[in-house]
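# Remarks on the overall topology
The chain contents come next:
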Amino acid sequence: MAVPVAFFALFFAYPVTAIVGRGLKVGGDWQFARIGEVLSRPDILGVLWFTTWQALASTALTLLIALPGAYVLARFDFPGKQVLRAVVTVPFVLPTVVVGTAFLALLGRGGLLDELGGVRLDTTVWAILLAHVFFNYAVVVRTVGGLWSQLDPRQEEAARVLGAGRFAAFRRVTLPALTPAVAAAALMVFLFTFTSFGVVQILGGPAYSTLEVEIYRQTAQLLDLPTAAVLTLVQFAAVGGILAVHAATVRRRERALKLVDPAQTSRRPRGAGQWALLGGVLLTALLLILLPLGVLVERSFEGPGGYGFGYYQALQSVGAGGSSTFLVPPLEAVGNSLRYALVATLIALVVGGLAAAALTRRAGRLVRGFDALLMLPLGVSAVTVGFGFLITLDKPPLDLRTSWILVPLAQALVGVPFVVRTMLPVLRAVDDRLREAAAVLGASPLRAWREVDLPLVRRAVLVAAGFAFAVSLGEFGATVFIARPDNPTLPVAVARLLGRSGELNYGQAMALSTILMLVCAVSLLLLERIRTDRSGEF
């Protein structure tokens, strides 16, 4: 536990505490009255209200659209099922900047709908809601569909034999078993939309602001640290409550259900209704997921003189078309992002692996508190963490403001929870008697780990590395503060290009977003290959 605790204390607790302290301290005294002052302001109350209701609306809309997809992927067997599963998962590993850019190309000025019918939805709440559904569709499909595929269908069939109708059998047998999974998925979607930053920043315009966006505006633009500190505490408290409810829901789901092999529950669609449902899910995937991504790619090739690689070629030069957005060619952001993400993945694997190993040991409240500590980065504004890095890591022996390692450290903070959640179930499944037998035969603890644990958890390590790499590659909230102008990452470069007017900047943003999307998609495909490979040991 020593290394993970030291890592979080130094690179998470210290910067966040320093930011909050600077905002709420005057002359060394805490000014808690500022909390009431900030929360009584009409503009802040409006931000809190919008943050809450758009998260609730996004969650409800996501469940409504994604639950049929969860059922189809859980119960139906059809050609291309694995491809569809990978397609619906792609949006979740995409950076939110790319998601915002894709919907901007579809719904914004000069977008596909604007060209076809003069319809523009950017700077409206509908664009934000649709982008949130796009991003979180896979959360519901994976969480609910994964459980649905393991529920024994014979229980519902028995209810039908006893005289219950199709809907009554579903309501009384299947729905109670699925409720914890649906609740867990809803809570995760609410968490992601409640803390939304990149999507709202790009699509919402000045009229809409979530807590995360407002923290960024108060910190970076208005330099109002007291307000930013109060909003950080509010977001932290709200997300902490959400995570607590989520953890309780997951525990209840694990205790309540008896699962079967998914291969026993999947069959080909029967009847016109089931084929129509499959067709509807495929049409949803086409319009909601493939269309925005396809428009993004198309816009990256459409130049003033027709289709070509002009925007991609412009990424290789500085100041193309009179632009001074970058000190280096924008294309260098690709190499920067890959290097940063690789280092961040290594850090996340070391810290997260040690943390997961510590959590497999039974140590009562100490371990449970340590588990909660690992989830804290998901409950604090990434903007706060990034700005905290700048004002705390500026003195020897940790003067890292000009060091390249600052970006991977911030990215690793987000990757560690994914590593822990991926590796922990596998480590807990390793039989302690195997380690004991190795020790009896004379193996040292290191050799026992190498010969017993490592072969069993090797694939979990690779899956965790894939998640950490994808998350690090798309991190934006903290990186936007600490990425140097001569070493931008891909999400930061895309945001800078979208923040400037001009057709060339817009086209370059589309091209960079397409490159980032392809890198993330390749990472996902490799991850899916590892997850579905049956040749391994577990």
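None of the values given here were measured: they were computed from a predicted structure. For every chain, the first residue of its written sequence is number 1, and the numbers climb from 1 along that sequence. Owing to the predicted nature of the model, reporting of local features is limited to residues with pLDDT of at least 70; listing and counting of side-chain atom pairs is limited to 80 or more, with chain, interface and lining totals taken over all residues. Remark: hydrogens and water are excluded; side-chain values derive from all non-hydrogen atoms of the structure.

## Some details on the overall build of the protein chain
For clarity, the cut-off: Helix numbering and strand numbering both begin at the N terminus, where a helix is a DSSP run of H or I of at least 4 residues and a strand a DSSP run of E of at least 2. Note on exposure labels: buried denotes an accessible area under 20% of the residue type's maximum, exposed denotes more than 50%, and partly exposed covers the range between, all computed with a 1.4 Å probe on protein chains only. Here a residue-residue contact requires only that any non-hydrogen atoms of the pair lie within 4.5 Å.
The helix and strand tally for the protein chain stands at 23 helices and six strands. Scored against the burial criterion, the 538 residues of the protein chain give a buried share of 50%. Here the analysis covers contacts within the protein chain between residues at least 6 apart in sequence; of these, 79% occur between residues at least 24 apart.

## Quick word on the confidence of the model for the protein chain
Let me state the cut-off plainly: Confidence of the predictor at the level of single residues is given by pLDDT, which spans 0 to 100.
A residue-level look at the protein chain finds 86% of positions with pLDDT of 70 or above and a mean pLDDT of 79. Here helix α16 (residues 365–375) stands out as the least confident element of the protein chain, with mean pLDDT 67; helix α3 (residues 42–75) is the most confident, with 90. Counting contacts from residues 534–538, a segment whose pLDDT is below 50, to residues more than four positions away or on other chains yields nine contacts.

## Structural notes on the nonpolar core
Threshold: The criterion is simple. A nonpolar core is a set of buried Ala, Val, Leu, Ile, Met, Phe, Trp, Tyr and Cys residues joined through side-chain atoms within 4.5 Å.
Residues Phe7, Leu94 and Phe389 are the most contacted members of the largest nonpolar core, which totals 151 residues. By residue number, the principal contributor to this core is helix α7 (residues 125–148), which donates 15 residues. Apart from the residues within four sequence positions on either side, Phe389 is in contact with Phe11, Pro15, Leu406, Leu409, Ala410, Leu413 and Ile482.

## Some details on the packing of aromatic side chains
Condition: Side-chain rings of Phe, Tyr and Trp, where Trp is taken by its six-membered ring, are said to pair if the distance between their centres is within 6.5 Å; with planes under 30 degrees apart they count as stacked, over 60 as edge-to-face, and otherwise as tilted.
In total, this model carries 14 aromatic pairs according to the counting rule given. Relative to Phe476, the ring of Phe197 lies with its centre 5.5 Å away and its plane at 25 degrees, an arrangement referred to as stacked. With a gap of 279 residues between them, Phe197 in the loop between α9 (166–194) and α10 (198–203) and Phe476 in the loop between α20 (445–474) and α21 (479–482) connect regions that are remote in the sequence.

## Comments concerning the side chain of Thr101
To keep it simple, the criterion reads: Between N or O atoms, a polar contact is any pair within 3.5 Å; within protein, one atom must be a potential hydrogen donor and the other a potential acceptor, and residues adjacent in sequence are included only when both atoms are from side chains.
Relative to the helices and strands, Thr101 resides in helix α5 (residues 96–107). A polar contact is formed between the side chain of Thr101 and the backbone oxygen of Val97, at a distance of 2.7 Å. Beyond its immediate chain neighbours, meaning those up to four positions away, Thr101 contacts Ile202, Leu296, Val494, Leu498, Ala509, Met510 and Ser513.

## Here we look at α7
Short version of the rule: Here the expected span of a helix is defined as 1.5 Å times the quantity of residues minus one. To get the bend at a given residue, fit one axis to the seven residues ending there, fit another to the seven starting there, and take the angle between those axes.
Taking 1.5 Å per residue, 24 residues should reach 34 Å; α7 reaches 32 Å between its end C-alpha atoms and fits that length. Along α7, the sharpest change in direction is near 45 degrees and occurs at Asn136.

## What to know about a nonpolar patch on the surface
Basically, it comes down to this: Without a salt bridge and with relative accessible area above 30%, a residue can belong to a patch; like charges are then joined within 9 Å and nonpolar side chains (Val, Leu, Ile, Met, Phe, Trp, Tyr) within 5 Å. Only the protein chains shown count as cover for residues, and the accessible areas themselves come from Shrake-Rupley with a 1.4 Å probe. Basic side-chain nitrogens of Lys or Arg form a salt bridge, by our definition, when they fall within 4 Å of a carboxyl oxygen of Asp or Glu.
Taken together, the side chains of Leu283, Leu286, Leu287, Leu290 and Leu291 make up a nonpolar region of the molecular surface, amounting to roughly 420 Å² of accessible area. Within the secondary structure layout, Leu287 lies in helix α13 (residues 271–301). Here Leu287 falls in the partly exposed class, since its relative accessible area comes to 48%.

## Regarding the pattern of salt bridges
One pass over the full model with this rule turns up five salt bridges. Two residues, Glu214 and Arg217, come together in a salt bridge whose shortest N-O distance is 2.8 Å. Separated by three residues within a single helix, Glu214 and Arg217 lie in helix α11 (residues 211–221), roughly one turn from each other. Taking the relative accessible area as the measure of exposure, Arg217 reaches 31% and is therefore partly exposed. With a closest N to O distance of 3.4 Å, Glu302 and Arg299 form a salt bridge.

## Observations regarding the environment of Tyr216
Here Tyr216 lies in helix α11. Setting aside anything within four residues of it in sequence, one finds Tyr216 in contact with Phe197, Gln201, Gln221, Val383, Val480 and Phe481.

## Structural notes on the environment of Val351
With respect to the helices and strands, the residue Val351 is situated in helix α15 (residues 332–359). A sequence separation of 62 residues divides Val351 from Leu413, and the C-alpha atoms of the two residues are 9.4 Å apart.

## A word on the packing of helix α1 (residues 2–24) against α15
Quick note on the threshold: Axis definition: a line fit to C-alpha positions, over the contact stretch in the case of helices; interaxial angles, taken between N-to-C directions, run 0 to 180 degrees. For classification, angles of less than 35 degrees are called roughly parallel, those exceeding 145 degrees roughly antiparallel, those between 65 and 115 degrees roughly perpendicular, and all remaining angles oblique. Each crossing is labelled by how the near helix is turned from the far one, with a counterclockwise turn of less than a right angle marking it left-handed and a clockwise turn marking it right-handed. Asp, Glu, Lys and Arg are counted as charged, while Ala, Val, Leu, Ile, Met, Phe, Trp, Tyr, Cys and Pro are counted as nonpolar; the rest, among them Gly, fall into the polar class.
Two numbers describe how α1 lies on α15: the axes approach to 7 Å, and their chain directions differ by 125 degrees. Accordingly, the angle class assigned to the pair α1 and α15 is oblique. Crossing of α1 over α15 shows left-handed handedness. Across the interface between the two elements, Val3, Pro4, Phe7 and Phe8 of α1 pack against Ile347, Val351, Leu354 and Ala355 of α15. Looking at the contact of α1 with α15 residue by residue, the class counts come to eight nonpolar, no polar and no charged.

## Comments concerning the packing of α3 against α7
It is the contact of α3 with α7, at a shortest axis distance of 6 Å, that shows an interaxial angle of 45 degrees. As judged from the angle between their axes, α3 and α7 are oblique. Handedness of the α3/α7 crossing: right-handed. Each residue belonging to the contact of α3 with α7 can be placed in one class, and the counts come to 21 nonpolar, seven polar and one charged.

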